[in-house]
Amino acid sequence: RLNTEKVVCNLCGTAGYTEIGQESGYSLRQCAECGLVYVSPQPMSEDLPTFYEGFYAEIDPEEAAKARSAGYTERHVSRTVACLKPGGGRLLDIGCGYGRLLKAMQDYPGWELHGFDLNEAAVRYAREEVPGAAIETNTVEQACYPDNSFDCIVMIGVLEHLKDPRATLRRVRQWLAPRGAILFQVPYVTPFIRMKRWLPFLPVNFEAPRHLFDFSPSVLRLLCESAGLEDPQVEISRPYTSNSRLGMMLIWTVKAPGLLLDRLGGGWTYPFACAWLTYASKPAHRD
């Protein structure tokens, strides 16, 4: 039997909440103070790997890589990295999976590429795909790098899986060089979870307890500031993956109005963005 623990808001520590839904026996709660959405109770850290069995396909990694990502997110992130740091530098991809982002970064000169992932089969495939990158098997909790050693750190689909995303961002910030950039992509399904109370047939899930958190733009900015990061910017992320063409078509249909509003300007936040790309920088002074 899995052990669980009741938790409070990871961002502000407030115990008060509003329940926005239930999934797989887990309560989906929104903090009454800062708005962070989180799962409670949560599995204990030692039991979390149980929920990732079969998450990576061990057979035919090329097909598995295609199934895990449609490539839109990686192209969006790599373009953003190149704009933020046009001179290149040292980049670390945390949770690099099959190396799709690292491969996309090869289109931009001047980058020394590093990455790690917890799955050995994914790491082996990533090394073959991006032979010039230094890729290892590791977890974000166990990884250790010198302070101020990377110019850019990327996390795609990582923070929502972690027990303590705020502490993780603070720790990862130490690895960034002064004025270094951090970028992370996270899902945003809270509007759909609320809608499922009246439209239970909606094909959207929180994915509890693999996903432990859900982040709005305002929460993402607070999260960055609490981790000592400056000038956080939040954009609508491009689609990550879908198991079918119909699914991808539906995702683009939902995202398109938000992307159009974003292009028109005005600071609108589209509630059905599905996911966000957030980027911020480390202050100029050294730690």
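Everything here concerns the structure above.
Figured I'd write up the structure that's included with this text.

Side note on the overall build of the chain
What the chain contains, in helices and strands, is 8 helices and 13 strands. For 287 residues, the compact-globule estimate of 2.2 N^0.38 gives 19 Å, and the C-alpha radius of gyration of the chain, at 18 Å, lies within 12% of that figure. Overall, the chain is about 50 × 45 × 45 Å in size when its C-alpha atoms are taken along their principal axes. Sequence separation of 24 or more characterises 69% of the internal contacts of the chain that already satisfy a separation of 6 or more. If you sum the accessible surface of the chain, you get close to 13,800 Å²; carbon and sulfur atoms cover 52% of it. The averaged location of the 33 negative side-chain charges in the chain is 4 Å from the averaged location of its 30 positive side-chain charges.

Some thoughts on the nonpolar core
Counting 56 residues, the largest nonpolar core has Ile94, Ile153, Leu159, Trp175, Ile182, Phe184 and Phe215 as its most contacted members. If one sorts the elements of this core by residue count, strand β10 (residues 176-188) sits on top with 5 residues. The contacts of isoleucine 153, once residues within four sequence positions are left out, are Leu92, Ile94, Val172, Trp175, Leu176, Ala181, Ile182 and Leu183. If you look at the next biggest cluster of nonpolar residues, it comprises 21 residues, including Leu91, Val123, Ala133 and Ala181.

Observations concerning the pattern of salt bridges
Any two side chains of opposite charge can pair, so long as their charged atoms come close to each other. Scanning the entire structure with this criterion turns up 4 salt bridges. Of the charged contacts in the structure, one is a salt bridge between lysine 103 and glutamate 129, with a shortest N-O distance of 2.8 Å. In this pair, lysine 103 is assigned in helix α3 (residues 100-105) and glutamate 129 in helix α4 (residues 120-129), connecting sequence segments 26 residues apart. Among the residues examined, lysine 103 registers a relative accessible area of 41% and is labelled partly exposed.

Brief notes about the sheet that holds strand β4 (residues 37-40)
Pairing is antiparallel across the open sheet formed by 4 strands, whose spatial order is β2-β3-β4-β11. This sheet does not close on itself; its edge strands, each paired only once, are β2 (17-23) and β11 (213-214). Here 4 bridges tie strand β3 (residues 26-31) to β4, and the two strands are oriented antiparallel to one another. By the bridge assignment, leucine 28 is partnered in β4 with valine 39.

A closer look at a nonpolar patch on the surface
Together, Leu260, Leu261, Leu264 and Trp268 give the surface a local cluster of nonpolar side chains, amounting to about 440 Å² of exposed area. As for its position among the elements, leucine 260 is in helix α8 (residues 245-264). We classify leucine 260 as exposed; its relative accessible area is 53%.

What to know about the sheet that holds β10
The 7 strands are arranged β8-β7-β6-β9-β10-β13-β12 in an open sheet whose pairing can be described as mixed. Only two strands of the sheet have a single partner each, and these edge strands are β8 (134-137) and β12 (230-236). On average, each strand axis in the sheet is tilted by 15° relative to the strand beside it, whichever way the strands run. Taken strand by strand, helix α2 (residues 72-84) contacts β6 (89-94), β7 (111-117), β9 (150-156), β10, β12 and β13 (274-281), and its axis lies near 155° from that of β10. Contacts from helix α7 (residues 217-226) reach β10, β12 and β13, with the element oriented near 150° to β12.

With respect to the side chain of serine 237
Considering the arrangement of structural elements, one finds serine 237 in the loop between β12 and α8. When sequence neighbours within four positions are dropped, the list of residues in contact with serine 237 reads Thr73, His76, Gln185, Lys255, Ala275, Trp276 and Leu277.

Let's talk about the pairing of β6
Two faces make up the sheet, and in a regular strand the side chains alternate between them. Burial analysis of β6 places 5 of its 6 residues in the buried class, which makes it a mostly covered element. Strand direction decides the pairing type here: β6 and β7, joined by 6 bridges, are parallel. Looking at the pairing, glycine 89 lines up with tryptophan 111 of β7. The parallel pair β6 and β7 is bridged by α3, and the resulting crossover is right-handed.

Procedures and definitions
Residues numbered from 1 in each chain as written. Predicted model: local features only at pLDDT ≥ 70, side-chain atom pairs only at ≥ 80, totals over all residues. Heavy atoms only, no water. Helix = DSSP H or I, 4+ residues; strand = E, 2+ residues; numbered from the N terminus. Rg over C-alpha atoms; globule rule 2.2 N^0.38 Å. Contact = heavy atoms within 4.5 Å. Areas by Shrake-Rupley, 256 points an atom, 1.4 Å probe, with all protein chains shown as cover. Lys, Arg positive; Asp, Glu negative; His and termini not counted. Charge placed at Lys NZ, Arg CZ, Asp CG, Glu CD. Core = buried A, V, L, I, M, F, W, Y, C linked by side-chain atoms within 4.5 Å. Buried < 20%, exposed > 50% of the residue type's maximum accessible area, 1.4 Å probe, protein only. Salt bridge = Lys/Arg side-chain N within 4 Å of Asp/Glu carboxyl O. Pairing = 2+ DSSP bridges. Patch = residues over 30% accessible without salt bridge, like charges linked within 9 Å, V, L, I, M, F, W, Y side chains within 5 Å. Axes fitted to C-alpha atoms, helices over the stretch in contact; angles between N-to-C directions. Right-handed = clockwise from strand over helix to strand, strands pointing away.

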